[in-house]
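Structural description and commentary
Below, each chain spelled out in residue letters.
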Amino acid sequence: MTARALKTLLTHSDGGTAKLFETLIDLGIDAIRSGEERITPEMIKDYVSLPVLA
């Protein structure tokens, strides 16, 4: 993971541990389903740019 990707994750979670872990779980599931089997910086960028569903 790059420093930029890590900063993006921390910014997205607003410093909240619970939201950070939820994001990592979602990204991990996506990585396994896609066959990548690792969280890439591109996946993080795509994830945080998704619209938030209410």
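Please read all numbers here as calculations on a predicted model, not as lab measurements.

The rules we used
- Residues numbered from 1 in each chain as written.
- Predicted model: local features only at pLDDT ≥ 70, side-chain atom pairs only at ≥ 80, totals over all residues.
- Heavy atoms only, no water.
- Axes fitted to C-alpha atoms, helices over the stretch in contact; angles between N-to-C directions.
- Helix = DSSP H or I, 4+ residues; strand = E, 2+ residues; numbered from the N terminus.
- Parallel < 35°, antiparallel > 145°, perpendicular 65-115°, else oblique.
- Left-handed = near helix turned anticlockwise from the far one by under 90°.
- Contact = heavy atoms within 4.5 Å.
- Nonpolar A, V, L, I, M, F, W, Y, C, P; charged D, E, K, R; others polar.
- Core = buried A, V, L, I, M, F, W, Y, C linked by side-chain atoms within 4.5 Å.
- Buried < 20%, exposed > 50% of the residue type's maximum accessible area, 1.4 Å probe, protein only.
- Polar contact = N/O pair within 3.5 Å; in protein donor to acceptor, adjacent residues only side chain to side chain.
- pLDDT = per-residue confidence, 0-100.

Below, the discussion takes up the packing of helix 2 (residues 17–34) against helix 3 (residues 41–48). Packed helix pairs are characterised by how far apart their axes lie and by the angle those axes make with each other. It is the contact of helix 2 with helix 3, at a shortest axis distance of 11 Å, that shows an interaxial angle of 120°. Taken together, the axis directions place helix 2 and helix 3 in an arrangement best described as oblique. By crossing handedness, the relation of helix 2 to helix 3 is classed as right-handed. Contacts between helix 2 and helix 3 pair Thr-23, Asp-26, Leu-27, Asp-30 and Ala-31 from the former with Met-43, Ile-44 and Tyr-47 from the latter. A class-by-class count of the residues in the contact of helix 2 with helix 3 yields 5 nonpolar, 1 polar and 2 charged.

Bringing the nonpolar core into the picture now. Of all hydrophobic cores here, the largest spans 8 residues; its members are Ala-5, Leu-9, Leu-20, Leu-27, Ala-31, Met-43, Ile-44 and Tyr-47. Counting residues per element, the ones that place at least two in this core are helix 1 (3–12), helix 2 and helix 3. Those residues in contact with Leu-9 that lie beyond four places of it in its chain are Met-1, Leu-20, Thr-23, Leu-24, Leu-27 and Ile-44.

Take the environment of Ser-13 next. If you trace the backbone, Ser-13 turns up in the loop between helix 1 and helix 2. Look past the residues within four positions of Ser-13 in its chain and what remains in contact with it is Lys-19 and Leu-20. A distance of 3.1 Å separates a polar atom in the side chain of Ser-13 from the backbone oxygen of Leu-10.

Tracing the chain through its elements places Thr-23 in helix 2. Assessed through its relative accessible area of 3%, Thr-23 is described here as buried. Not counting chain neighbours up to four residues away, the residues in contact with Thr-23 comprise Leu-9, His-12 and Tyr-47.

Further remarks concern the confidence of the model for the chain. Averaged over every residue, the pLDDT of the chain is 88; residues scoring 70 or more account for 94%. Within the chain, no element has a lower average pLDDT than helix 1, which sits at 88, and none a higher one than helix 2, at 93.

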